[in-house]
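Examination of the molecular architecture
Residue-level listing of the chains:
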Amino acid sequence: MEKCYLIWTLCLFSLALIPGEALSIEDEPFRESVIIFNTICAKCHEAQCSGRLSFSNSYQASIDHIVRHYDSASEKKWLQKELFTILNHMKEKCAYYPVPLNVPPNRIWGTETLEKKTTLRERNYFIPIGPFTPGHYNLEIELAKDAKITMHIISETFELVIEDCYQTSGQRLVIPFFIEETENYYLRVYPRIPVQITQLAISTTTQK
Ligand code: HEC
């Protein structure tokens, strides 16, 4: 009980620290920047665990670099800052920036939830799919149109379970996968052309 109070007090305190202006620009801090970082910046900075923080004076110098890799950040100071913070988190903690898992109990994600896990321009997705215990699973996605897509399933300790390119057909794709370690996992999607995922479902299977 005491622990609960402490957590609540900490939450309220940190909310009080967020300036009102920042809230009106981006109502859920770090939602968009985490997806951008974990899809676009991940190609070079994922699992970059030096243990040291970037010098704060490298922030100004980093902005050009950040904008070069993500030009939509050019007018968005808050996005540049958040991306810088996320990289430092990765380097220091050797972990993904913490995000709410929000895994639906039946492991079926609808369009509305999925829209919060994507970059609208590229339609890259980064979706926490939650904890899995060892076993066989099926991942099924439905899309707005057929496309070639690259999919990764990656653990919180950066072990890739799946890393492949697929052609969907009938606006669907089913991929069996096998989990060896009990951990949190993430799904990352890079479509060749921007395409919306309308449903994601993960089920257990007994198939070997
Ligand atoms: C093609 C590879 C590549 C991509 C993609 C990339 N970076 Fe980098 N980044 C580098 C390299 C190489 C360095 C310099 C060496 C280092 O510090 O790791 C660097 C350095 C940085 C630094 C300065 C680090 C320091 O210690 O001062 C920041 C901040 C940064 N990147 C952020 C980002 C962000 C945010 C993105 C995504 C928008 C991104 N990078 C995308 C390769 C990349």
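Attention now goes to the overall build of the chain. When its secondary structure is counted, the chain shows 6 helices and 8 strands. Along its sequence from the N terminus, the chain presents helices and strands in the succession α-α-α-α-α-β-α-β-β-β-β-β-β-β. Classification of the 208 residues of the chain by burial places 22% in the buried group. Within the chain, contacts between residues separated by at least 24 positions form 80% of all contacts whose residues are at least 6 apart in sequence.

Moving on, we come to the confidence of the model for the chain. Overall, the prediction assigns the chain a mean pLDDT of 88, with 86% of residues at 70 or greater. For the stretch residues 15-26, pLDDT sits under 50, and the model shows 7 contacts to residues farther than four places along the chain or on other chains.

Ranked by internal contacts, the top residues of the largest apolar core, which has 30 residues, are Leu 83, Ile 127 and Leu 187. Mapped onto this core, the elements with two or more residues apiece are helix H3 (31-45), helix H5 (77-93), strand S2 (125-132), strand S3 (135-143), strand S4 (148-155), strand S7 (183-191) and strand S8 (197-205). No other element matches the 6 residues that H3 contributes to this core. Summarising the domain contributions, this core has at least three residues from each of domain 1 (2-93) and domain 2 (108-205).

Compared with the 24 Å implied by 1.5 Å per residue over 17 residues, the 24 Å span of H5 between its first and last C-alpha is a close match. Among the residues of H5, those classed as buried are Leu 79, Gln 80, Glu 82, Leu 83, Ile 86 and Met 90. Along the long axis of H5, the arc covered by the buried residues comes to 165°, so they all point the same way. Opposite the buried face of H5, at more than 90 degrees from it, the exposed residues are Lys 77 and Lys 93. Looking at the buried residues of H5, the elements they touch are H3 and helix H4 (58-69). Directly after H5, the chain includes Cys 94, whose backbone phi takes a positive value near 55°.

This part covers the sheet that holds S8. Here 4 strands make up an open sheet; going across it, the order is S1-S8-S3-S6 and the pairing antiparallel. In this open sheet, the two edge strands, each paired with only one partner strand, are strand S1 (108-109) and strand S6 (172-179). Pairing geometry for S3 and S6, over 8 bridges, is antiparallel. Opposite Asn 138, over in S6, you have Pro 176 as the bridge partner.

It is worth spelling out the site of the ligand at this point. In the neighbourhood of the ligand, 16 residues make up the surrounding shell, with Cys 41, Cys 44, Ser 54, Ser 58 and Leu 83 lying closest. Mapped by element, the contributors of at least two residues to the shell around the ligand are H3, H4 and H5. Counting residues per element, the shell around the ligand draws most heavily on H3, which supplies 6 residues.

Each value, and the rule that gives it
- Note that residues are indexed from 1 along each chain, following the sequence as it is written.
- A pLDDT threshold of at least 70 governs which residues receive local features in this predicted model, and a stricter bar of 80 or more applies before side-chain atom pairs are shown or counted, although totals over entire chains, interfaces and linings include all residues.
- Each helix is a run of DSSP H or I of at least 4 residues and each strand a run of E of at least 2, with the numbering of both proceeding from the N terminus.
- The exposure label follows from counting other C-beta atoms within 10 Å of a residue's C-beta, where the C-beta atoms are placed from the backbone and the thresholds are 20 or more for buried and 12 or fewer for exposed, leaving partly exposed in between.
- C-beta atoms are first placed from the backbone for all residues, and any pair lying within 7 Å is then listed as a contact.
- Per-residue confidence from the predictor is reported as pLDDT, a score between 0 and 100.
- Each nonpolar core comprises buried Ala, Val, Leu, Ile, Met, Phe, Trp, Tyr and Cys residues, the members being joined through C-beta atoms within 7 Å.
- The start and end points of each domain follow an automatic or database-based domain assignment.
- Helix span, as expected, comes to 1.5 Å for every residue beyond the first.
- Of all possible arcs, the one meant is that of the directions from the helix axis to the C-beta atoms.
- Strands pair, by our definition, only if DSSP identifies at least two bridges between them.
- For each residue, a C-beta atom is placed from the backbone, and the residue is labelled near a molecule or strand when this atom is within 6 Å of it.

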